[in-house]
Amino acid sequence: MFRTHTNGELSLKNLNQTVSLAGWVQTIRDKGFMIWVDLRDRYGITQLVLDEERSSKDLLEKAKKLGREFVIQVEGKVIERTSKNPKIPTGEIEILVENLHILNESQLPPFTIEDETDGGEELRMKYRYLDIRRNPVKDKLIFRHQIAQKVRNYLSEQGFIEVETPVLIKSTPEGARDFIVPSRMNQGQFYALPQSPQTFKQLLMVGGMDKYFQIVKCFRDEDLRADRQPEFTQIDCEMAFVEQEDIMKVFEGLAKKLLEEITGNTIGDFPRMTFDEAMKRYGNDKPDIRFGMEFIELNEVVKGKDFKIFDEAELVVGINVEGKADYTRKQIDELIDWVKRPQIGASGMVWVKYQEDGTLTSSVNKFYNEEDLKGIADKFNAKKGDLILVMSGETNKVRAQLSALRMELGNRLGLRKGNEFAPLWVVDFPLLEWDEETGRYHAMHHPFTSPKEEDIPLLETEPGKVRANAYDLVLNGNEIGGGSIRIFNQELQSKMFDLLGFTKEDAEAQFGFLMNAFKYGAPPHGGLAFGFDRLVAILDGNEVIRDYIAFPKNNSGRDVMIDAPSPVHQEQLDELSIQVK
């Protein structure tokens, strides 16, 4: 037996017991006549002690050969420490070593295996197996496991059945780019890795599995960000014989349960906001409602003053940054430079200060007198000491730009606190969005989303005004889940394909199997999928999902640890009839 106990469980109640422990050497302190070794495993650290009085010469010599990260096993007696360490659970005891076995030596690690390491991110990703030994990474993976178990328990109690769906599927033209897998047995043909199990979970509803879930890997070949990976995990769910309210009730219950267990507080009903309201008040469809700075539209009070930038703009809109009229010109110029960055794309920004003495001044005093500025301040219900920031331009663009500024200020001012949670449902999304490049409509969610029943007549006349039976669950400014009621009527699904520009032949080739299934009694159904990696990160007070994935990719989509993607042998390419340029 390598160990009778872990390195995190021994205490004074184990005094004088003979125990076996195993793990990695964290640190060694050699005083010549006495040696202390901190032994670590994923459960904690236990201090080992050897000295000239109580340990043999051979044992001391062996201990002197230990290095950091050596894998060892020891047997010894639990004794009370004279110098206790209240910071760790085992801090009142130590092990007087009687036998020491070096199971495996270790080279000196490329970075210190400590909570505060000296290793940079790329280096730690290259040696991720070493990084996992560090508490910050280990604890995040354990937290992920705990959330997964809570999800499984909740859904099982609600009558859901976990079903695995295929990983090698058919490529579809909607959504992000697919990862393509060539078939050796079917030359010139390809599988795709699933972006989601969408059609399969709908087929499970046709098959009578009326409550399905799966914690499933999904794949998208798209550009990387801090909250994206080419492979990610979803909590994928579907229900039959339900309406939108039924689904929202079940998954609001799941989110409440998780939040209540993490915070220890009772969580009330989640607020709801329409897509149009979210865009008007916050400039995006996943607003962070933990703080204010709501958008105020100013067209009616700023136009007609010969300020061309405002007069020619489709929308003039601003936010009130409370208590920041003391911002210096340098600080404001830095914000202006920030919104002018290519990532944001604004051409500039106007500011108005409501100063502590009650006067108002702005960057456009040439065009707006104090009475005009008072009218602007009144729109914001501004008070002395507030700073108003105003942007203008084409409606959708300026909303996105101001939204980015609002979130940046939320971060800078410490308003986006990781231990505060503000969930929100966003509903009534547009069913379709027009793409200028392709000259056709695209599904805002996916082609199987049902329109609201009262909007179905608009499909023939004004398809851009049709609202979807779709809903997103937002937490702290991040979409953590989204879903919809699905189309289950073959005729309506065909009409949707027509609107999206599919020919009858294309629709049959891509989705004929689903349309055929609808002929055999498809029930009303709908579902929701949580982004599991993102959900776990936010519940733990973070937004970067990479830390919660055991072996993540870097920002270029590469696994620097195993050096993937990588070339393959020519023989493999020949078998697949693939030529590489």
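Model, not experiment: these values are computed from the prediction. (Residues numbered from 1 in each chain as written. Predicted model: local features only at pLDDT ≥ 70, side-chain atom pairs only at ≥ 80, totals over all residues. Heavy atoms only, no water.)

Visitor: Tell me about the overall build of the chain, and please be specific about residues and values.
Guide: Helices and strands together make up the secondary structure of the chain, namely 17 helices and 22 strands. For the chain, the C-alpha atoms occupy an extent of roughly 90 × 75 × 55 Å along the three principal directions. When each of the 581 residues of the chain is scored for burial, the buried share is 48%. Excluding contacts between residues fewer than 6 apart, the proportion of contacts in the chain whose partners are at least 24 apart in sequence is 65%. Only carbon and sulfur atoms are counted for the fraction: they give 48% of the accessible area of the chain, which is about 29,400 Å². (Helix = DSSP H or I, 4+ residues; strand = E, 2+ residues; numbered from the N terminus. Buried < 20%, exposed > 50% of the residue type's maximum accessible area, 1.4 Å probe, protein only. Contact = heavy atoms within 4.5 Å. Areas by Shrake-Rupley, 256 points an atom, 1.4 Å probe, with all protein chains shown as cover.)

Visitor: Any chance you could break down the UniProt feature "binding site: L-aspartate" (unreviewed entry) in the chain for me, citing the residues and the numbers?
Guide: Under the feature "binding site: L-aspartate" (unreviewed entry), the UniProt entry names Glu174, Arg220, His445 and Arg486. Assignment of secondary structure puts Arg220 in the loop between β9 (211-219) and β10 (231-240). Ignoring sequence-local partners within four residues, the contact set of Arg220 consists of Ala176, Arg177, Phe179, Gln195, Pro230, Phe232 and Gln234. Topologically, Arg486 is positioned in the loop between β21 (478-485) and α14 (490-499). For Arg486, a relative accessible area of 2% translates into the label buried. In this view, Arg486 contacts Gln198, Lys201, Gln202, Cys237, Glu238, His446, Phe448, Ser450, His525, Gly526, Gly527 and Leu528; residues no more than four positions away in its chain are not counted. Within the structure, the side chain of Arg486 is placed 2.9 Å from the side chain of Glu238, a separation counted as a polar contact. (UniProt positions renumbered as here; feature names shortened; annotations may be inferred. Polar contact = N/O pair within 3.5 Å; in protein donor to acceptor, adjacent residues only side chain to side chain.)

Visitor: So, the side chain of Asn554: which residues are in play, and what are the values?
Guide: Note on placement: Asn554 falls in the loop between α16 (532-539) and α17 (570-575). For Asn554, a relative accessible area of 9% corresponds to the buried category. A polar contact of 3.3 Å, which involves the side chain of Asn554, links it to the side chain of Glu122. Of note is the side chain of Asn554, whose polar atom sits 2.9 Å from the backbone nitrogen of Ser556.

Visitor: Pulling in residues and values, what's your account of the sheet that holds β9?
Guide: Taken in spatial order, the eight strands make up an open sheet running β6-β9-β10-β22-β21-β20-β17-β11, and their pairing is mixed. Looking at the sheet topology across the chains shown, the edges are occupied by β6 (161-162) and β11 (272-274). Relative to β9, helix α4 (residues 135-157) is tilted by about 150 degrees, and along the sheet it contacts β6, β9 and β10. Relative to strand β20 (residues 470-475), helix α6 (residues 244-263) is tilted by about 10 degrees, and along the sheet it contacts β10, β11, β17 (423-427), β20, β21 and β22 (525-531). (Pairing = 2+ DSSP bridges. Axes fitted to C-alpha atoms, helices over the stretch in contact; angles between N-to-C directions.)

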